[in-house]
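Read off the chains here:
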Amino acid sequence: MSRLKVAMIGHGFMGAAHSQGWRTAHRAFDLPANPQMAVLVGRDGAKAAAAAEKWGWESSSTSWREVIEREDIDIIDIVTPGASHAQIAIAALEAGKHVLCEKPLANTVAEAEQMAAAAERAARHGVQAMVGFTYRRVPAASFMRQLIAQGVLGEIQQVRASYRQDWLVDAAAPMSWRLQQDQAGSGALGDIGAHAIDLVQFATGLQVQAVSGVLQTVTGHRPLADGSGFGQVSVDDLALFAGRLSNGALASFEASRVATGRKNALSIEVSGTRGALAFDLEELNSLRYYNREDPQDRQGFRKILVTEPVHPYLSGWWPAGHMLGYEHGFSHQAKDLVESIDSGRPAHSSFAEGLQVQRVLDAVARSAANESAWTGVVHHAEIRTA
Ligand code: SOE
């Protein structure tokens, strides 16, 4: 069995989640090549070595540049804060490495355009580039896309999307890189709003073309983690925006880190002329389906348990009804990337799809800065590959 040697840059929460994916993908699915967890990269040598030991990486390093230059490394998996995505991804693509980059793709549209252009150039040499929108790889979310593509909802007339967490409700919660614009690019908008935008576009096949939004920073100063004082929060805690979709329908989006009691509540509901579908991450093994063509005396949202072998990704796991969890999306992500590398079929979500999400994020920020006026999602000249 051939192997694909992986190097992971970063080792925070997403480092743990991606490691789970690399460890399990080829043990659940028959892959054309097995991922080999070769090296974990972190700025602090001792911390990187400890994380490598804990998560099953063969070695550790403190230099992503050295790792990218290694002939034996096939895949670069970027799980660092958004500020370094562009620099690392472009260098990796230009070194001929396949790239998996965490979301959002970048901190700005300009960076995302450069990354998408680099991916376009690298694709001519068979190099794959994927953005880590893992929720599209939850079986129920993938199945939702399949049903909508089959036309079961008819014409889509409205979409609702919400991603709510509550880890910033307490004003005493300490400062972190996710609360600094130069590190994260934005707050709830980019960190979790990006997932909602991607999931709506993935599930419906429609694109957000204009937005009107508002951002709010609820707690402007937070205690520094080292206890040395307070720092200013430079990103949003809460984003609310309307989106005009490419079929003319309206979508509503909510991304909140102050939604008391909601821990990781991502949900979307798509309403059409023939019916409706609803996905809720808190019930991630099922879909709610309403069929307007059911006999009138028995219409209602029914719960489809998405755990049959015929459903997306389930062939690799357990018999019907045995349930999957949050972590399985990362195994599916690793599986899909390995299969794209082997087949040459473009990986999704592509950097071009990541750029589209970045343009929506940017439009929301511009709308919010402009008294929430309707703001077009500016499509600059197609990706420059010169
Ligand atoms: C935020 O806390 C976060 O970790 C996001 O960064 C992830 O993308 C999301 O999947 C879970 O919550």
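Check the entry above for the structure.
Procedures and definitions
Residues numbered from 1 in each chain as written. Predicted model: local features only at pLDDT ≥ 70, side-chain atom pairs only at ≥ 80, totals over all residues. Heavy atoms only, no water. Helix = DSSP H or I, 4+ residues; strand = E, 2+ residues; numbered from the N terminus. Buried < 20%, exposed > 50% of the residue type's maximum accessible area, 1.4 Å probe, protein only. Near = heavy atom within 4 Å. Polar contact = N/O pair within 3.5 Å; in protein donor to acceptor, adjacent residues only side chain to side chain. Areas by Shrake-Rupley, 256 points an atom, 1.4 Å probe, with all protein chains shown as cover. Domains from an automatic or database assignment. Salt bridge = Lys/Arg side-chain N within 4 Å of Asp/Glu carboxyl O. Expected span 1.5 Å × (residues − 1).

Draft legend 1. Molecular detail of unusual backbone geometry. Following K103, the chain continues to P104 via a peptide bond in cis, the omega torsion being -20°. Relative to the assigned elements, P104 resides in the loop between β5 (98–101) and α5 (109–123). Put simply, H348 and S349 share a cis peptide bond, and its omega is 0°. Here S349 lies in the loop between α10 (328–343) and α11 (351–369).

Draft legend 2. Looking closely at the environment of F13. Position of F13 among the secondary structure elements: in helix α1 (residues 13–28). Residue class for F13 comes out exposed when judged on its relative accessible area of 53%.

Draft legend 3. Representation of the site of the ligand. Looking at the ligand, the residues that line it are F13, K103, Y135, Y163, Q165, R178, D191, H195, N264 and Y326. H195 is positioned such that a nitrogen or oxygen atom in its side chain is 2.8 Å from an oxygen atom of the ligand. In the complex, the protein chains occlude 91% of the 310 Å² of accessible area that the ligand would expose alone. Mapping the shell around the ligand onto the domain boundaries places at least three of its residues in each of domain 1 (2–135) and domain 2 (139–283 + 285–324).

Draft legend 4. Inspection of the pattern of salt bridges at higher detail. A full pass over the atoms with the stated rule returns 19 salt bridges. Taking the shortest distance from any N to any O, the salt bridge between E113 and R359 comes out at 3.2 Å. Linking E113 in helix α5 with R359 in helix α11, this pair joins segments that are 246 residues apart in sequence. An identical accessibility class is assigned to E113 and R359; each is buried. Its salt-bridge partner being D191, residue R178 comes within 3.2 Å of it at the nearest N-O pair. Placement of R178 in the loop between β7 (156–164) and α7 (181–184) and of D191 in helix α8 (residues 188–191) is noted, with a sequence separation of 13 residues between them. Residue D191 is classed as buried on the basis of its relative accessible area, which comes to 13%.

Draft legend 5. Layout of α11. Helix length check: α11, at 19 residues, gives a terminal C-alpha distance of 27 Å against a target of 27 Å (1.5 Å per residue), a fit within 8%. Those residues of α11 not exposed but buried are F351, G354, L355, Q356, V357, Q358, R359, V360, L361, A363, V364 and S367. Phi turns positive one or two residues past the end of α11, at E371, with a value near 55°.

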